[in-house]
Every structure is written in structure tokens, then in C-alpha cells.
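# Reading the structure
Here is what each chain is made of, one letter per residue.
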Amino acid sequence: MTVQTEKLENGFRIVTEHMPGLQSASVGVWVDAGGRHERLEQNGIAHFLEHMAFKGTSKRSALDIAEAIEDVGGYINAYTSREVTAYYVRLLKENIPLAIDISECNFAGNWSIIRYSR
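Residues numbered from 1 in each chain as written. Predicted model: local features only at pLDDT ≥ 70, side-chain atom pairs only at ≥ 80, totals over all residues. Heavy atoms only, no water.

### Focus: the nonpolar core
One finds Ala25, Val27, Ile65, Ala68, Ile69, Ile76, Val89, Leu91, Ile96, Leu98, Ala99 and Ile102 forming the largest nonpolar core, which totals twelve residues. Broken down by element, this core gets its largest block of residues, four residues, from helix α3 (residues 96-107). Apart from residues no more than four positions distant in its own chain, Ala99 is found in contact with Val27, Val89 and Leu91. (Core = buried A, V, L, I, M, F, W, Y, C linked by side-chain atoms within 4.5 Å. Buried < 20%, exposed > 50% of the residue type's maximum accessible area, 1.4 Å probe, protein only. Helix = DSSP H or I, 4+ residues; strand = E, 2+ residues; numbered from the N terminus. Contact = heavy atoms within 4.5 Å.)

What follows is the structure, given as C-alpha cells:
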């Protein structure tokens with residue numbers, strides 16, 4: 001397995017890991033903002049924003065997002081920890097463009113780390 005990291009001019013870090021023999025891929029956005037980063041009066045906001053990501057965008061409704069991923073046999077989920085809030089999609093490698101498109105719609109201008117492995 002080979003992990004490669006690249007930093008784009010806009011500050012995004014791209015991390016890729018090629019895993020020979022696998023036909024699946026994971027595409028995700030890891031935001032450097034978890035529960036530890038919240039002030040007392042903001043408690044729970046990272047988790048709240050995690051859930052808001054699946055409520056739809058100007059391009060896709062919540063149902064459209066779920067159906068687009070599930071129609072290709074994929075899985076979409078998110079989690080909030082003390083350090084990060086993460087949003088990810090698992091699907092077949094030929095559907096990576098779909099995962100990136102959905103992630104881009106949800107997080108345009110707010111990406112911290114983009115990670116995918118295939």
C-alpha cells in the first residue's frame with residue numbers, strides 16, 4: 001500500500017492510498033472541528049452541522065443524496081469526534097465522481113481534508 005499526500009494551492013490536503021485488488025473506494029471530508037473546538041455556549045454545534053449536511057443542497061434534496069448513493073450500492077455516513085467531524089461515502093471505484101460531486105455540493109468552500117482510497 002502506498003499513501004500519497006498532496007497540498008493544493010487553496011490549502012486542501014489530498015490523501016490517497018492505492019490498495020491493489022480492491023474494486024471499492026472511500027471518499028470523505030474530514031473537517032478539523034470536533035467537540036473539543038466548541039466553546040461552552042456552542043456545545044453540540046459540530047454534531048448539529050454533521051446532521052445538516054444530509055438535509056439537502058441547492059442541487060440535491062436529502063432524498064436525492066441518499067438515492068444517488070444507494071442506487072449504485074453505496075453507503076453514506078458521518079460522525080463527530082472530539083477532534084474532527086467526518087463525512088464519507090463508500091462505493092465502487094467507478095462511482096468516485098458521484099461521491100466527489102455530492103461531497104463538493106455539501107462542502108464547497110469548507111473542505112479541510114479530502115481523502116479517498118481505491
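### Thoughts on the environment of Gly28
Looking at where Gly28 falls in the secondary structure, it is placed in strand β3 (residues 24-31). Note on Gly28: relative accessible area 0%, which makes it buried.

### Details of the pattern of salt bridges
All chains considered together, the criterion is met by five salt bridges. As a salt-bridge pair, Arg13 and Asp32 come within 3.4 Å of each other at their nearest N and O atoms. Separated by 19 residues along the polypeptide, Arg13 in strand β2 (residues 13-18) and Asp32 in the loop between β3 and α1 (45-52) bring together distant segments of the chain. Taking relative accessible area as the criterion, Arg13 reaches 33% and is therefore assigned partly exposed. (Salt bridge = Lys/Arg side-chain N within 4 Å of Asp/Glu carboxyl O.)

All quantities given are derived from atomic positions and should not be read as evidence of function.
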